[in-house]
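# Descriptive analysis of the structure
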Amino acid sequence: MPASPAESLAITYEAEEGVLVGRWRRNHAEPDLPEVFELLVEAALKADHCRFWLLDLRERTWHPPAFKKWFDNLLSKQVVQVLGRPVFLACVATEQNRADIESIATQVRLRQHAQEEFYPYFFNNEGAARDWLLYHRQQEKD
């Protein structure tokens, strides 16, 4: 049975930094990913159309087919339409996922997302992910 979105992802808005944080909880049954998308967008809209997201993927299985499809089709193409452009997404993954992250297929997808002004970037360290988001947030203010 699929997990409910609230069981799958904890979402908080860190107003001081202007960052929406989604933390995937321990790996269990596949959630309804379109509902997870709706929760993320709803939280971003309530947070003044926040376009700086940190997704902690360390507790998730790396790219099951449904998750990959959700990320490529629903998240990247629709989030910019709802929130505006650009959207910056820092994904924190485990070191075991480095080969997948650095693969040619992932690099091609990142370039495709950039055409939509959706900029996902992968990190294995949350501090570096936050620094990257805050850098881009500051650039937008200047």
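Basis of the calculations
- Residues numbered from 1 in each chain as written.
- Predicted model: local features only at pLDDT ≥ 70, side-chain atom pairs only at ≥ 80, totals over all residues.
- Heavy atoms only, no water.
- Helix = DSSP H or I, 4+ residues; strand = E, 2+ residues; numbered from the N terminus.
- Buried < 20%, exposed > 50% of the residue type's maximum accessible area, 1.4 Å probe, protein only.
- Salt bridge = Lys/Arg side-chain N within 4 Å of Asp/Glu carboxyl O.
- Phe/Tyr/Trp six-rings, centres within 6.5 Å; stacked < 30°, edge-to-face > 60°.

Let us now look at unusual backbone geometry. In the segment running from Arg85 into Pro86, the intervening peptide bond is cis, with an omega of -10°. In the Ramachandran plot, Asp48 falls in the positive-phi region, its phi being about 60° despite a non-glycine side chain. Residue position: Asp48 is located in the loop between helix H2 (33-46) and strand S3 (52-56). Residue Asp48 is classed as exposed on the basis of its relative accessible area of 67%.

Following the criterion strictly, the structure yields nine salt bridges and no others. Look at the salt bridges and you will find they share partners, linking Glu14, Glu17, Arg23, Asp56, Arg58, Glu126 and Arg130 into a network.

All right, on to the packing of aromatic side chains then. This structure, assessed with the given rule, holds six aromatic pairs. Relative to Tyr119, the ring of Phe88 lies with its centre 5.3 Å away and its plane at 25°, an arrangement referred to as stacked. Placement of Phe88 in strand S4 (residues 87-92) and of Tyr119 in strand S5 (residues 118-123) is noted, with a sequence separation of 31 residues between them. What makes Tyr119 partly exposed here is its relative accessible area of 29%. Ring centres of Phe88 and Trp132 lie 5.8 Å apart, and the angle between their planes is 75°; on these two criteria the pair is classed as edge-to-face. With Phe88 in strand S4 and Trp132 in helix H6 (residues 126-141), this pair connects stretches of sequence that are 44 residues apart. Among the aromatic side chains, those forming a connected cluster through ring pairs are Phe52, Phe88, Tyr119, Tyr121, Phe123 and Trp132.

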